[in-house]
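Residue-level listing of the chains:
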Amino acid sequence: MSKGCTHIAGIQDITPSALGCEDCLKSGSRWLHLRICRTCGHVGCCDDSPNRHATAHFHATGHPVIEGYDPPEGWGWCYVDEVLFDLSKRKTPHNGPIPRYD
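About the thresholds
Residues numbered from 1 in each chain as written. Predicted model: local features only at pLDDT ≥ 70, side-chain atom pairs only at ≥ 80, totals over all residues. Heavy atoms only, no water. Pairing = 2+ DSSP bridges. Helix = DSSP H or I, 4+ residues; strand = E, 2+ residues; numbered from the N terminus. Axes fitted to C-alpha atoms, helices over the stretch in contact; angles between N-to-C directions. Contact = heavy atoms within 4.5 Å. pLDDT = per-residue confidence, 0-100. Core = buried A, V, L, I, M, F, W, Y, C linked by side-chain atoms within 4.5 Å. Buried < 20%, exposed > 50% of the residue type's maximum accessible area, 1.4 Å probe, protein only.

Q: Explain the sheet that holds strand β5 (residues 83–86) residue by residue, including any values.
A: Hydrogen bonds between backbone atoms are what pair the strands of a sheet, whose relative direction is either parallel or antiparallel. Strand order in the open sheet made by the five strands is β2-β1-β3-β4-β5, with antiparallel pairing throughout. The open sheet terminates on both sides in strands that have one partner only, identified here as β2 (43–45) and β5. Taken pair by pair, the neighbouring strands of this sheet meet at an average axis angle of 35 degrees, ignoring direction. Both strand β1 (residues 34–37) and strand β3 (residues 65–70) contribute to a ladder of four bridges, which runs antiparallel. Along β3, the bridge assignment pairs L34 with D70. In the packing of helix α2 (residues 53–61) onto the sheet, the strands contacted are β1 and β2, and the crossing angle to β2 comes to about 120 degrees.

Written out as structure tokens, the structure is:
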């Protein structure tokens with residue numbers, strides 16, 4: 001699955017920036033699923049969430065690789081090369097309980 005991605009070798013073991021989407025928590029918004037930047041640890045919401053903060057973080061920083069973070073999904077995505085790959089053996093652990101919106 002990782003064929004064709006030039007950024008996989010650069011992924012880092014990181015510390016999550018927040019216990020949920022960092023930007024949604026600041027603004028009082030809600031999210032569906034979380035993504036974590038494997039360059040700096042920014043936690044952002046997925047593209048099915050109203051604000052798409054993970055993708056916005058990529059556009060603002062150029063950090064290429066995210067991980068499906070909540071629930072821990074075991075996959076990575078490179079925005080630049082548009083490649084999905086396996087991170088099941090390198091999942092980022094949660095650093096506390098993730099808020100839920102029911």
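That was the structure; now back to the text.
Q: Summarise the confidence of the model for the chain; cite the residues concerned and give the values.
A: Within the chain, residue pLDDT values average 91, and 95% of them lie at 70 or more. The lowest-confidence element of the chain is β5, averaging 93 in pLDDT; the highest-confidence one is α2, averaging 98.

Q: So, the nonpolar core: which residues are in play, and what are the values?
A: The biggest cluster of nonpolar side chains holds ten residues, and these are I14, C21, C24, W31, L34, I36, V43, C45, Y69 and I98. Breaking this core down by element, the ones donating at least two residues are β1 and β2. When neighbours within four sequence positions are excluded, C24 is seen to be in contact with S29, R30, W31, C45, N51 and H53. Among the nonpolar cores identified, the runner-up in size contains seven residues, and I11, C78, V83 and F85 belong to it.

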